[in-house]
Amino acid sequence: MTGAAWMLPALHFVAMLLLVTSLALIVSPQLFACIRFYALHSFLLALITTGTALYHRVPHVLIAAVLTLVLKTIVIPQIFYRMIRRLGIRRDVETYLNIPLSLIFSTLLVFISFYGVGNLRAIKPPLSQEFVSIAVATLFLGMFMMTTRKKALTQVLGLLLIENGLFLLGVTTTFGMPLLVEIGIFFDVLVGAIIMGVFVFKIRGAFEGLDMDQLTMLKG
Amino acid sequence: MNLAGSLLQGLVLLAVAPASGWFIKKMKAASQNRRGPSLVQAYADLGKLFRKNMVISDQASWIFHAMPIVLFCSTVIAAWMIPAIGAEPLFGFLGDLVVFVYFLALGKFFLALAALDTGTTFGGMGSSREMTLGSLAEPAFLLTLFALAYRTQTLSLSGMASRLSAEAPLDGLYFMVPAFGAMLIVAIAESGRIPVDNPSTHLELTMIHEAMVLEYSGPYLALIEWAHQIKQLIFLTLLANFFIPSPALSVASPAAALLAVLIFAAKVLSLALLVGWIEIHCAKLRLFRVPDLLGVAYALAILSMLGQLMMGSWQ
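Each value, and the rule that gives it
Residues numbered from 1 in each chain as written. Chains lettered and ligands numbered in written order. Predicted model: local features only at pLDDT ≥ 70, side-chain atom pairs only at ≥ 80, totals over all residues. Contact = placed C-beta atoms within 7 Å. Helix = DSSP H or I, 4+ residues; strand = E, 2+ residues; numbered from the N terminus. Nonpolar A, V, L, I, M, F, W, Y, C, P; charged D, E, K, R; others polar. Expected span 1.5 Å × (residues − 1). pLDDT = per-residue confidence, 0-100. Core = buried A, V, L, I, M, F, W, Y, C linked by C-beta atoms within 7 Å. Buried ≥ 20, exposed ≤ 12 C-beta atoms within 10 Å, placed from the backbone. Axes fitted to C-alpha atoms, helices over the stretch in contact; angles between N-to-C directions. Parallel < 35°, antiparallel > 145°, perpendicular 65-115°, else oblique. Left-handed = near helix turned anticlockwise from the far one by under 90°.

**Considerations on the interface of chain B and chain A**
Taken residue by residue, the interface counts 21 residues in chain B and 21 residues in chain A. Looking at the side of chain B that touches chain A, the elements that each hand over two or more residues are α7 (169–190) and α11 (290–310) of chain B. Examining the composition of the side of chain B that touches chain A, we find that 11 residues originate from one element, α11(B), more than from any other. Here the residues of the side of chain B that touches chain A sort into 15 nonpolar, four polar and two charged.

This is how it looks when you write it as structure tokens:
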């Protein structure tokens, strides 16, 4: 039950682009570029989902692909744009690590996830194994982004990157969860993004800034 | 016949090197509503320099005199090691891609050394910058070549080119695209084009290559400039022959040779268009931001390598 022979190499290519986009999201120095890269990341994710659905003839995954396309490439970036406009924050991203160093760390993380997952023979995904390692790499990169960023808004982007990685893992190993659960997750992500937005506003109201360093002052 | 074809190919490479630089210059001029120099000008400049007298500092040691010759010869040897139009490369027997990369590095080493030799401030500044960037670009370049060599299972440059062009285009896309990105960045950095270095500036604070050759004049300067143009053509040729798929070319008969030359010209010109397009649309990066760009090249090269190890290895 598999599709045309040209589809797997094409999926490999898109998966590679996904990885490159995750790296771009981590190193891009501007907030707007970050959000655009997140939208691109989600678009590529939707492409992979569509490819999986067509390759293995599982039509219900297509609905998840359409939801990804609408929610993550259009709605959530728009929410972010509006948030930035209303907050009037500075447009550049502040990190603890400079760009070459974070590139080295992220390639190391990709390396670790590739080799770590390569030995996991327990997972026998229907689509070939590399998507598992790419999903795990995306997860790691999202965590890396969350830990190295100073501002709350880019940390939220890291969280969304993790979510994308989980979604990729779910789709390529199990063809996604049952549709009802999938829709529930999408709703969660959307509501999560909105709540994060409110949260970011509250943080700014309480601390006059989004710098997460200042939260350490709360410690006794 | 075979040797004659190889020799001819090598001489053509040397002859068209100024033209490839001229093409980018002309394109840039067109984007700024200028007419730009004519093709003859590219050669007339070199000819003029060859006829002029030299002014040489009395503080200069033998390194100052040796550098233009070492630079030119090492660049020409490197140019004759790469697969270009279709004939067997003349110095293909000399060695593999590591030797090729270090022939280029030898020229760069002497360039930096000669810039320090006369003891001017700009020379020292230029060579320290060149070495900083070179030490970052070289691993990225080697890693990209190794990634491609891993796929083709050969270290010889012409073997790599022929096997890469025989690859099914879609199957190889996932590692070719990152490798292309990495090599393009390295090519721009090594040939001193705009996001990294501005070839047409003489502003002290920004120049890299120009700062190193400030003390040179006459035939020496002509050799250095020519070597620089050949180096740029080397990178364009490598990019063209590795990443643009084409049918197998030969120079066995005049008709086949003509076709090969036309295809080669089209490939190199399209890449020159890309480099020129980047040059038109980018501002020069601050020197301290250039390592970021080269870091991106390094990461892309690693991804290209890792991708090959991973994709389709577990079915």
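Next comes the rest of the account.
**What about helix α5 (residues 121–152) of chain B?**
In a regular helix each residue adds 1.5 Å, so 32 residues correspond to 46 Å; α5(B) covers 46 Å between its end C-alpha atoms and thus fits that length. Trailing α5(B) by a residue or two, B:Gln153 shows a phi angle of about 60°, which is positive.

**Considerations on the confidence of the model for chain B**
When pLDDT is averaged along chain B, the result is 89, and 98% of the positions lie at 70 or above. This complex was scored by the predictor with a pTM of 0.90 and an ipTM of 0.85.

**What about the nonpolar core?**
Across soluble globular proteins, nonpolar side chains have a tendency to be buried as a group. By size, the foremost hydrophobic cluster in this structure holds 163 residues, and its most contacted members are B:Leu239, B:Ala297 and B:Ala301. For B:Ala301, the residues in contact, after removing those within four places along its chain, are B:Ala140, B:Leu143, B:Thr144, B:Ala147, B:Ala179 and B:Ala182.

**Thoughts on α11(B)**
Over its 21 residues, α11(B) runs 30 Å from end to end, which matches the ideal 30 Å to within 8%, given 1.5 Å per residue. Counting buried positions along α11(B) gives 18 out of 21 residues, so the element sits mostly inside the fold.

**A short note on the environment of A:Thr68**
Residues and elements named next belong to chain A. Within the secondary structure, Thr68 sits in helix α3 (residues 60–87). Put simply, Thr68 and Tyr38 are 30 residues apart on the chain and 12 Å apart in space, counted from C-alpha to C-alpha. Residues in contact with Thr68, not counting those within four places in the same chain, are Ser42, Leu45, Ala46 and Thr49.

**A short note on the environment of B:Thr206**
Residue and element names in this part refer to chain B. Tracing the sequence through the fold places Thr206 in the loop between α7 and α8 (209–212). As a C-alpha pair, Thr206 and Gly123 span 83 residues in sequence and 13 Å in three-dimensional space. Residues contacting Thr206, with those up to four places away along its chain left out, are Asn198, Thr201 and Lys284.

**Re the packing of helix α1 (residues 2–31) of chain B against helix α10 (residues 254–281) of chain B**
Residues and elements named next belong to chain B. Where α1 meets α10, the closest approach of the two axes is 9 Å, and the angle between their N-to-C directions is 45°. Judged on the interaxial angle alone, α10 and α1 are oblique. As for the relative orientation of α1 and α10, their crossing is right-handed in sense. Here Ser20, Phe23, Ile24, Met27, Lys28 and Ser31 of α1 lie close against α10, whose contacting residues are Val268, Leu269, Ala272, Leu273, Val275, Gly276, Glu279 and Ile280. For the contact of α1 with α10, the per-class residue count stands at nine nonpolar, three polar and two charged.

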